[in-house]
Every structure is written in C-alpha cells, then in structure tokens.
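# Structural description and commentary
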2 protein chains.
Amino acid sequence: MNTSELVELAQQLRVDSVRASAAAGSGHPTSSMSAADLTAVLLANHLRYDFDRPAHPGNDRFVLSKGHASPLLYAAYKAAGAIEDGELLTFRKLGSRLEGHPTPRQVPWVETATGSLGQGLPIGVGIALAGKRLDRVGYRVWVLCGDSELAEGSVWEAAEHAAYEHLDNLTAIVDVNRLGQRGPTRHGHDLDAYARRFQAFGWHTVEVDGHDVDAVDRAYAEAKSTAGQPTVILARTLKGKGVAAVQDREGLHGKPLPEPDEAVAELGGERDIRIHVHEPPAARVLHAVRAGHLEMPRWEKGEKVATRNAYGEALAALGTGRGDVVALDGEVGDSTRAEFFAKEHPERYFECYIAEQQMVAAAVGLAARGWLPYAATFAAFLTRAHDFVRMASVSGAGINLVGSHAGVAIGQDGPSQMGLEDLAMMRAVHGSTVLYPCDANQTARLVAAMAGLEGVRYLRTSRGESPVVYGPDEEFPVGGSKVLRASDRDRLTVVAAGVTVHEALAAADALDRDGIQVRVVDLYSVKPVDRSTLRRAAEDTGCLLTVEDHREEGGIGDAVLDAFLDGRPVPRLVRLAVRRMPGSASPDQQLHTAGIDAASIAAAGKLLVEEAVVR
Amino acid sequence: MNTSELVELAQQLRVDSVRASAAAGSGHPTSSMSAADLTAVLLANHLRYDFDRPAHPGNDRFVLSKGHASPLLYAAYKAAGAIEDGELLTFRKLGSRLEGHPTPRQVPWVETATGSLGQGLPIGVGIALAGKRLDRVGYRVWVLCGDSELAEGSVWEAAEHAAYEHLDNLTAIVDVNRLGQRGPTRHGHDLDAYARRFQAFGWHTVEVDGHDVDAVDRAYAEAKSTAGQPTVILARTLKGKGVAAVQDREGLHGKPLPEPDEAVAELGGERDIRIHVHEPPAARVLHAVRAGHLEMPRWEKGEKVATRNAYGEALAALGTGRGDVVALDGEVGDSTRAEFFAKEHPERYFECYIAEQQMVAAAVGLAARGWLPYAATFAAFLTRAHDFVRMASVSGAGINLVGSHAGVAIGQDGPSQMGLEDLAMMRAVHGSTVLYPCDANQTARLVAAMAGLEGVRYLRTSRGESPVVYGPDEEFPVGGSKVLRASDRDRLTVVAAGVTVHEALAAADALDRDGIQVRVVDLYSVKPVDRSTLRRAAEDTGCLLTVEDHREEGGIGDAVLDAFLDGRPVPRLVRLAVRRMPGSASPDQQLHTAGIDAASIAAAGKLLVEEAVVR
C-alpha cells in the first residue's frame with residue numbers, strides 16, 4: 001500500500017475502534033487510536049498471515065501486548081476480511097468472542113490472552129524461540145506494546161532473554177503515547193530513555209514518528225533486515241490521535257468517546273477498505289524432531305529415590321519417546337533435575353536463568369506453537385509467575401509446571417525456599433490439574449500422563465529421598481487415588497500425598513498396634529480429586545484425617561472437601577497442615593515441628609476416633 | 001581500617017563462613033567467600049550502625065539480597081561483636097535464629113527476609129524511599145546482590161524506581177562471581193554488560209576488583225559522594241575465593257567445603273578480630289508528620305457506593321488522622337481510588353507505575369522503617385507480586401494490600417482483569433488477615449481496623465456500586481461476621497461476602513416467599529473466620545450454602561469449612577463459586593452466568609433444603 005492508502009486504512013481502524021467501543025458502551029478507543037498507523041502499516045505491508053488458515057506453520061505471529069487496545073485488533077480483523085462489521089459491533093457483549101481483552105479461546109488469530117500488561121513480549125519471546133530454535137520456518141513475531149507496561153520487570157526479563165538468544169525474528173513495537181491509565185508515564189515522549197534501556201539489553205532500536213506511515217514502513221523494513229538481534233521500534237504517538245476532543249488528553253483512558261458520531265465525522269467517516277494480507281511462504285513440515293523409543297524409567301519397591309530425580313529421569317525418557325517435548329528451567333536444573341533432560345536433549349532445553357515469569361511465558365509461547373513444554377523451578381518460586389499462570393489459563397494454554405522442594409521437608413534451608421502455598425495457587429487456576437506423587441514410579445507415570453491433559457498441569461516434587469512403594473507397572477489415572485491400607489474394621493481414613501504418605505503409613509502401623517485400624521489413601525491427584533473413593537472411605541470409616549506438607553488453606557484438606565460439597569452428609573474431619581512459620585532444622589525435625597509426622601498423625605487420629613475435638 | 005587489617009578481617013569472614021557451614025552440614029560458603037572483601041570493607045569503614053540499638057533511627061540499613069550467603073552475614077555479626085562464636089556454630093540448627101536464609105523475625109539486625117532472589121534491591125528501594133522522602137535523617141541503604149539475581153525483572157523495576165526517585169542514599173553492591181547455582185551466568189565476568197544496563201536505567205556505576213580492598217574502599221566512598229542518583233558497585237569476584245579446591249569452580253554451589261579444616265588453614269587459620277562499627281550520627285525524631293483529626297467518612301443506609309470509593313475516602317481520612325499512613329499504587333489510582341489519598345497527602349503517596357512487585361516491595365521497605373503502608377492495585381494483578389507477599393510473611397512485615405475490581409462483577413473487561421484467585425492466594429499466606437466488605441461503612445471501618453493488625457492484611461474491594469446496608473456506627477471486629485437475616489425457623493444458612501451479600505439477601509426474600517426461611521451471614525472477615533457464628537448457624541439450620549465471586553478453590557467456601565475441621569459434626573454444605581471461564585458481559589449477566597446471583601442462590605438453596613444433591 002502507498003502512503004495515502006495506508007493513511008486511509010489507519011483512519012478506518014480508528015473509526016471502527018470508536019464505533020465498536022461506542023456500541024459496547026465501554027472499551028479503550030483512545031489507546032487504539034494511538035497505534036492505528038502502526039497497525040495499518042504492519043497489516044498492509046509487512047505481516048505475512050493467512051487468516052483462512054491460522055494454523056499455517058509459516059504464518060507470522062502478532063501479539064497485542066497492550067490487550068486493552070482490542071478494538072484496534074478487531075478493526076484490523078475486519079479490514080483483513082476475517083470478520084464482518086456486524087460482528088465487530090458485538091464487542092464486549094455477552095456471548096461475543098470479541099472480548100474486552102483478546103483471548104485465543106474462540107478467536108483463532110489470537111496467539112495468547114493479553115490484558116495483564118507486560119506479558120505479551122515475554123510470551124512473544126517464547127514464540128520467537130520456537131521459530132528460531134525448533135520450527136525454523138522463518139516466521140516473524142510482532143509484539144505491539146504500550147509504553148506504560150515497560151515498567152513491568154517481566155518486560156526486561158524478556159528483553160534479556162531475547163537478546164541473549166539472538167532472536168532477530170522478533171520485533172517489539174512500542175506505542176509511546178506518553179499517557180498511562182491515570183496520567184503521564186515516567187518517561188513521557190522521551191523515546192531515547194527507552195532506546196538506551198533496550199540497547200543496553202542488546203536490542204537494535206529504531207525511533208520513529210508513529211503517525212508517519214512512511215517512516216513506520218521503513219522502520220518495519222529495518223527490523224526485518226536486522227540480523228543477530230531483536231529490534232524494538234519506539235514510536236512517538238498521541239493517545240486518541242485524530243479526534244481533537246480526546247487527542248493527547250489525560251483522564252480519558254478506557255472510556256468510549258463522548259461524541260462518537262462527531263468523532264467518526266472528524267476522522268473522515270466510515271470506510272470499508274478490505275485488504276489482502278500477504279500470505280506466508282509455503283512451509284515445510286514443522287516439529288520434525290525424530291522420536292525414539294518411549295521407555296519410561298522403572299524402580300523396584302523399597303529403593304530410595306527423590307521424586308525430583310524421578311521427574312528428571314522420566315522427562316528425559318519422555319523426550320526420547322516424543323519429539324515435541326521441550327523443557328525449561330529457572331537456573332536450578334541441578335536441583336529440579338531438569339538437567340537430566342538437558343543432557344539428553346540439549347536442542348530442546350531452554351535455560352531461562354533466574355526469571356520465573358519469563359520461564360512460564362516462554363512455555364506459553366512454545367505451547368502456542370504446538371510444543372509440549374515442561375517448566376520447572378522450586379515450588380516456592382513459581383509464585384513469582386502466578387499472574388502468568390493465571391493468564392495461561394485464560395488462554396487455555398497447555399503447559400506443564402513442576403515445582404520441586406515442596407514443603408518443610410526440605411529441611412535446613414528454611415521458609416524462603418519451601419513451597420508451602422503452591423497447591424493453593426495451582427488449585428485455584430481454572431481448569432488446572434494438580435498432581436503430587438509420593439514415589440518414583442508414580443512420578444514417572446504422572447509425568448507421562450501430564451502430556452495428554454488440557455490446560456495448566458502442575459506436578460509437585462520433593463527434595464529428599466523416599467522409599468518406592470508402588471511397583472513399576474502400577475497405573476495412576478489422573479483423578480484417581482490409591483488405597484494403601486484398608487480393612488473392613490477401619491475406624492478412620494488418613495488422606496495424604498507426597499511425603500506425608502510415608503508418615504501416614506507409619507502412623508497406621510502405630511495405631512494398628514493400639515487396636516485402631518486405619519485406612520490410608522494416597523491422594524496423588526489433588527485436582528481433580530477422587531470423589532468416589534473419598535466418599536466410600538467416609539461411609540466406611542466415619543471420619544477423615546488429612547495431612548499435608550503445605551499451609552492449611554487451599555491444599556489437600558480443602559481438595560478432600562470437594563468430594564462433600566454437594567449437599568450430601570459430610571464426615572467428621574480433621575486437617576493437619578503447616579500452621580507455623582518454620583525455621584531451619586533437619587527434614588525429620590521439620591515434619592515433627594509442623595505436626596505432620598507419623599507421631600502427630602497417630603495422636604490426632606486417636607483423638608478423632610475417640611470423637612474428641614482436635615485443635 | 002587499613003589495607004592489611006581489612007584483608008585480615010575478610011579472611012576471618014571467610015573462615016567463619018566455612019566453619020559455620022561445616023558445623024551445619026549445609027549452607028553456602030562459596031557464595032559467602034566471594035563477597036567477604038566487599039563485606040569487610042563495608043563493615044569496617046563505611047557502615048554506620050549501632051548493633052546495640054538496631055532501632056536507632058540514624059542507623060544505615062544493610063540488606064543481604066543474596067540471602068543464601070547467610071554465613072557471611074552471621075560472620076560479620078560476630079566480627080561486629082553482636083553474636084558470639086558459639087552462636088555462630090548453631091547455624092541452620094533447630095531453634096537457632098541463624099536460619100539458612102536470614103529473617104528479621106528473631107534477628108534484630110536483619111531488615112527483611114531474603115532467600116527468594118531479586119527481592120533485596122526492591123525492598124531496599126522502599127527503605128531508601130522512606131529515608132529520602134519521609135524519615136530524612138541521612139541514613140544510607142546498602143544492598144548486597146548476587147549477579148545471578150539480576151536476571152529477575154523485579155531488579156529492573158527497582159532500578160527504574162530508584163533512579164526516577166533520585167535515591168542517592170541507596171547503594172547496590174553486586175558480587176559478580178560469574179557462577180550461578182548450576183553454572184555460569186549469562187554475562188560471566190562482563191561487568192560492562194551490567195554497567196550498561198544500570199546506566200541506561202539512570203544509575204551511577206562503579207566497576208571494581210571485588211578482592212582489592214582499597215579499590216572497594218574507594219568505590220564505597222564514591223557511592224557516598226554521588227548526588228542525585230543511586231550507585232551500583234559492580235565487583236568482579238571469584239566464588240569460593242581463597243581456597244584453591246573450590247575457587248571459581250562449578251558444581252559447588254550450596255555445599256559445605258569438602259575439607260573444612262584444610263580450607264581454614266589455607267585461609268590463615270581462625271582469627272578473633274572484633275571491630276567497632278561506626279556509630280550513626282545522633283538523629284532527630286522520625287515520622288514527624290503531623291496528625292490531624294481522625295474522622296472516618298460515613299454513609300447513610302440505602303446510598304449506592306462502590307467499596308473501592310469507600311476505600312479511597314477512608315484511606316484519605318485515615319491519613320489525616322494518622323501521620324504514619326502512606327499509600328502506594330500501581331498506576332491505577334483512579335480505579336482503586338487511591339487517588340483520593342494522593343490528593344490529600346501527596347507527600348505520603350508513592351506512585352509505583354505498573355510494577356506490582358516493586359509496589360509490594362516498597363511497602364515492605366516502608367514498613368521496615370515503621371511506616372504504615374496501604375498498597376493497592378487490581379486484585380488480579382496482585383498475583384504478580386505473590387512471591388513478595390509470601391516473603392513479607394516470612395519477614396513478619398506489617399503491610400496492607402488492597403485489591404480492587406474483584407470477581408466477575410466487574411463486567412465487560414473480561415477475565416484478565418477479574419480478581420478470581422486472590423482470596424486463595426491471600427488466605428494461604430501465613431498469619432494473614434483477609435477482609436471483604438460489602439458496603440461503604442463496612443469498608444471504612446475495616447480500612448481503619450487493618451492499621452492495628454499484625455502481618456499481611458488484605459482488603460478486597462469491588463468496582464460497581466452497591467447499596468449501603470449498615471449504619472455508619474456499626475462495628476465490624478476482625479474475625480467477626482454479621483447475621484443479616486435470622487429467625488427461629490431458618491432451614492438454611494447462606495454465607496456470602498462482598499457483592500454476593502446483596503444477592504444472598506435477594507435470594508432470602510425469594511425463598512421466604514416460597515415459605516423457606518433463610519439465615520444470611522455476611523462473612524466480611526474471611527480470615528480469621530467467625531467459627532462460633534458459623535457453628536451456631538449450622539446447629540440451628542442444619543445446612544450451609546456458601547456463595548462467592550471467586551474460584552471455588554481457596555475462597556469463602558473453604559474459609560467456612562475452617563469452622564468445622566476439628567472433628568465436630570459437619571453440616572451439609574453446598575458451595576457456589578465461579579466455575580467457568582467468563583467472557584465479556586454486563587455485571588448482572590456475569591453474576592447470572594457464573595451461577596452466583598440471587599436466582600442461582602435461591603435455586604440451590606431450595607435443593608439443599610430438600611436434601612437433594614446439588615452439582
């Protein structure tokens with residue numbers, strides 16, 4: 001497109017952003033108007049994308065990191081012929097796929113959900129990594145960012161990662177409209193301030209007038225011809241550009257224009273320009289990683305193995321059997337044992353250094369390109385990426401997360417390193433699966449099972465060694481549990497998972513010596529939970545005792561209650577969990593001090609059977 | 001101290017780090033040894049600190065951001081005469097206050113818990129902000145960082161914040177020992193790479209040989225004499241410096257030295273140097289902010305007010321009545337209504353821009369200096385700071401967090417903006433308080449009550465207007481609840497909070513028309529929960545229905561169960577919560593679609609009373 005055509009297209013995008021927001025009665029037209037020229041030039045002259053075949057392997061990928069500018073995105077879809085004007089005007093209405101912030105759940109051209117600022121670039125880095133190191137079909141990744149969101153640290157984790165990996169297939173476009181939600185940004189229109197930062201992090205930078213379509217056109221060409229490093233285009237723009245009543249003015253963020261009809265007239269009226277976006281080049285087959293023989297590791301009963309070791313060995317084996325498996329780690333691969341995978345499959349291993357947000361974002365980006373990521377760090381440090389996990393669930397992204405060093409059982413390192421809130425965090429993620437194995441064979445089976453699930457999958461592993469209690473051919477369906485002890489005289493059910501399974505078995509032995517028979521349930525699938533086994537146990541034994549190496553809120557105790565929250569009778573219940581702030585101590589001392597070791601379980605179980613109040 | 005004395009002191013710190021780790025059988029001696037010279041010079045020649053009076057207002061503040069180097073910190077305490085050798089050797093043992101990673105819970109010279117990397121500098125910025133803008137007594141803040149942790153985005157949020165606020169009272173010291181946990185860092189010994197980044201962010205930088213005590217001495221002097229911007233000292237060091245068997249070698253992170261006695265000999269043997277750390281200058285009174293008359297806002301019953309508005313008004317009033325109240329916001333003060341405080345008390349308002357980790361870290365730093373912070377953003381975006389909240393609880397920091405725009409009730413903006421996991425996150429924080437008001441008067445009372453609590457306090461507010469249901473003189477004790485409807489014929493108790501209180505009242509009216517009397521409990525204190533009222537309701541009515549604008553895991557439903565997890569009989573229960581992924585829709589449509597509106601409550605309540613299974 002030539003200059004005047006581009007100008008016209010940009011005005012149409014503005015007009016349609018104003019119209020969509022007006023029809024919705026809400027939305028962010030001014031944030032859309034600032035980036036209209038940037039988007040028009042990209043769409044018309046640079047993006048290679050087949051809207052009829054969004055899964056085309058050669059398609060460029062576009063991420064709207066400033067997700068609130070969704071009217072602009074949907075206006076672009078209309079200009080590209082992907083949606084009709086009638087659908088555009090369903091924006092933000094019940095049942096419309098054109099949500100207030102874009103998600104890929106129903107819109108096939110959206111790569112990832114945005115709306116939590118500072119996430120688009122990190123995820124774009126993940127997509128670009130897939131393109132550069134795995135897919136290798138030459139697609140480019142374009143990420144349109146706001147200037148406000150550059151205050152998020154996650155953006156600089158992404159900047160570091162992208163430059164380190166020489167992602168010259170990645171272009172960040174920053175719509176520097178100088179106004180955040182509540183007022184001016186820190187740096188206003190000082191493009192140099194941003195350029196210095198990106199240059200220091202190893203990026204090529206281009207500064208440009210974001211409303212000069214020819215200059216923008218040249219900037220994109222420069223980005224495409226820059227080799228060996230990612231490019232950021234810093235575009236000086238005006239929020240609300242084109243409508244005097246709102247242009248470059250404060251206090252108008254996230255509001256429809258006060259006089260939309262006048263605004264449309266001021267912008268030159270409605271247009272119906274339809275463009276044919278450049279098609280991607282024909283692409284060869286993707287994911288051409290040779291799969292070998294899948295043979296999961298096996299351990300004999302009674303061996304002592306840490307479940308984190310089993311994770312590492314199982315993942316390495318899964319990677320041999322499946323060519324689409326990739327692994328990520330946050331510079332603790334020697335602890336999580338992701339290093340076992342790295343040794344076997346270095347080409348599919350992504351070292352993310354100590355940047356957990358970027359690690360999860362890269363996993364989301366890799367998953368968006370069809371890869372099967374397993375990302376690991378200490379369970380405690382996954383809290384760093386909570387917002388990215390939350391947004392992954394909004395995307396419906398299929399990612400596997402693994403948290404090692406769960407609970408007080410890690411021992412001397414103390415509370416900063418203990419995952420004690422991870423089950424609560426992961427259970428509350430919509431559509432998630434939460435798994436917590438107690439032995440090596442169970443871990444290996446669950447690592448393999450995770451590959452076939454939807455949504456966010458979480459596996460919790462332990463630092464210390466524990467005895468193998470299951471044979472190598474035992475099966476562990478997701479949503480199931482294992483009854484490890486049962487008799488027809490059971491007066492109590494102890495529900496445990498992970499390290500507390502071994503404590504529960506010892507407690508059951510002790511109580512048996514006291515004449516109290518105890519059922520022991522290994523709740524390796526914390527979500528979904530095995531309702532029928534728990535209900536049967538409740539009916540058979542009358543009362544339940546849960547014990548977990550986790551805070552009392554949101555973990556295994558609460559998961560067990562899920563089985564009884566439908567109006568049926570509820571058994572008598574006691575929950576043992578970590579109620580105090582631990583210090584340093586040996587693993588055994590920690591379990592005892594927290595009141596979740598065998599002795600504590602036996603004591604509480606006895607009280608419960610005797611119908612006393614336990615607190 | 002002169003050169004040779006400093007060298008000797010540094011060797012003592014190394015020896016004692018080796019000895020403490022050897023006695024513990026775990027710990028990070030090599031990470032301590034790299035920073036021994038940096039620490040010796042700081043302690044002997046630059047730090048102004050009265051170890052007998054850690055609360056002295058003029059004390060400099062030292063933060064060990066690389067918290068795993070705790071042996072070095074405790075060795076420094078010994079050299080400063082604060083602890084004896086016998087206590088040093090209790091390191092990492094049960095009951096010792098010298099934990100694997102430092103916490104201020106029992107050690108008065110520790111400012112904040114560290115051990116989750118990338119948090120020390122952000123919190124140091126908060127302390128430096130207090131020094132610069134509030135305390136104004138000239139103390140300096142010294143933060144010792146590792147090089148690996150510079151990969152954390154939170155470090156760059158802090159770098160941005162510190163330079164923007166011209167914190168020339170802040171010095172970051174980076175121990176660039178080139179080795180992370182599992183191997184080399186991205187930039188190895190390339191000090192320039194780090195210098196470019198910090199310079200771009202507006203910092204003064206000094207590069208130095210971290211084992212040349214004279215050069216380090218000069219670097220600290222340069223930092224102290226640099227005005228208008230923070231300084232970072234980038235120190236080239238060797239991990240395990242001084243012991244050939246471990247110096248600059250991979251694979252030795254977090255392990256005691258293999259031959260500690262030989263290592264001590266190689267380091268010149270044990271020493272018992274005790275130094276007198278420079279005392280701080282006499283300081284004037286701190287916190288000299290004049291308090292005015294405390295008059296909380298009042299609303300009349302039936303008015304329609306959003307609880308976020310009540311938060312803003314209440315906080316502004318509290319700030320007038322209490323001089324120690326400070327407010328922080330993540331560039332959404334017009335939404336959270338923190339702007340009301342900003343308008344009245346600009347000198348005590350901290351704009352953190354879109355950097356939630358830094359916002360919470362700054363709050364922790366301000367609290368460490370005795371200020372009373374209230375930090376607000378959308379509830380959804382507080383997940384970004386989860387790890388900082390977790391670590392705040394390890395510190396025992398007293399901070400108030402406020403999450404606005406809770407739940408699906410926000411309407412059109414969609415799931416990325418909806419706080420649906422925040423109650424689960426905040427409840428699982430050790431020692432936290434979680435409050436969720438349903439009207440304006442209740443909000444104001446709770447905002448005031450939060451000021452008097454310990455630990456992490458969380459208030460959840462709503463975007464939309466709701467009717468005032470309580471009079472302005474009603475009291476709302478933390479840990480209490482309000483029974484809004486009750487009769488002696490109640491057959492069901494509905495437990496609600498926030499927006500669902502109003503839905504529950506409407507449902508009770510509808511059920512009453514059907515001849516079913518319903519008790520309604522407003523559970524404004526989600527943690528701690530009002531066990532006695534819930535138990536009485538269970539005894540009186542036989543069954544409970546909880547309804548919440550939150551995911552089903554970890555929220556109000558689980559909080560209610562806390563009242564019944566001690567072995568007593570449990571009532572029949574049904575939980576209504578947000579089980580699906582919302583899209584865009586109006587607030588009323590959202591509540592209905594999620595199944596948490598009055599009609600849904602009435603339908604579920606009817607089934608429960610009829611003893612049917614509800615699912």
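The structure displayed is predicted, hence computed values, not measured ones.

## Quick look at the relation of the copies chain B and chain A
- Superposing chain B onto chain A takes a rotation of 180° plus a shift of 0.0 Å along the axis, which leaves an RMSD of 0.0 Å. Such a combination of rotation and displacement between the chain copies is what one expects of a two-fold axis. Residue Gly153(B), judged by its C-alpha, is the member of chain B lying nearest the rotation axis, at 1.8 Å.

## Some remarks on the packing of helix α6 (residues 120–135) of chain B against helix α14 (residues 356–368) of chain B
All names here are of chain B.
- Two numbers describe how α6 lies on α14: the axes approach to 7 Å, and their chain directions differ by 55°. Taken together, the axes of α6 and α14 are oblique relative to one another. α14 is crossed by α6, and the crossing has right-handed handedness. In contact with Pro 122, Ile 123, Val 125, Gly 126, Ile 127, Leu 129, Ala 130 and Leu 134 of α6, α14 contributes Gln 358, Ala 361, Ala 362, Val 364, Gly 365 and Leu 366.
- Residues that form the contact of α6 with α14 fall into these classes: eleven nonpolar, three polar and no charged.

## Considerations on the pattern of salt bridges
All names here are of chain B.
- Applying the stated criterion to the full structure yields 84 salt bridges over all chains.
- Here Asp 135 makes a salt bridge to Arg 369, at a shortest N to O gap of 3.6 Å. One end of the pair, Asp 135, is in helix α6; the other, Arg 369, is in the loop between α14 and β9 (372–378), with 234 residues separating them in the sequence.
- Exposure remark for Asp 135: the relative accessible area of 4% places this residue in the buried category.
- Here Arg 369 falls in the buried class, since its relative accessible area comes to 8%.
- Asp 566 serves as the salt-bridge partner of Arg 535, at 2.8 Å between the closest nitrogen and oxygen.

## Some remarks on the domain arrangement of chain A
All names here are of chain A.
- Here chain A is partitioned into domain 1 (3–266), domain 2 (304–467) and domain 3 (482–614).
- On a C-alpha basis, the centroid separation for the pair domain 2 and domain 3 is 26 Å.
- At the interface, 33 residues of domain 2 touch 33 residues of domain 3.
- Interface area for domain 2 against domain 3, summed over the two sides, is near 2400 Å², with a carbon-plus-sulfur share of 58%.
- In terms of surface lost to domain 3, no three residues of domain 2 exceed Val 408, Arg 427 and Tyr 436, which account for 29% of the buried area on that side.
- Between domain 2 and domain 3 we count one salt bridge in total.
- For Asp 562, the salt bridge is made with Arg 427, and the minimal N-O distance between the two is 3.4 Å.

Criteria and thresholds
Residues numbered from 1 in each chain as written. Chains lettered and ligands numbered in written order. Predicted model: local features only at pLDDT ≥ 70, side-chain atom pairs only at ≥ 80, totals over all residues. Heavy atoms only, no water. Least-squares fit on C-alpha atoms with pLDDT ≥ 70 in both. Axes fitted to C-alpha atoms, helices over the stretch in contact; angles between N-to-C directions. Helix = DSSP H or I, 4+ residues; strand = E, 2+ residues; numbered from the N terminus. Parallel < 35°, antiparallel > 145°, perpendicular 65-115°, else oblique. Left-handed = near helix turned anticlockwise from the far one by under 90°. Contact = heavy atoms within 4.5 Å. Nonpolar A, V, L, I, M, F, W, Y, C, P; charged D, E, K, R; others polar. Salt bridge = Lys/Arg side-chain N within 4 Å of Asp/Glu carboxyl O. Buried < 20%, exposed > 50% of the residue type's maximum accessible area, 1.4 Å probe, protein only. Domains from an automatic or database assignment. Buried area = accessible area lost by both parts, 1.4 Å probe.

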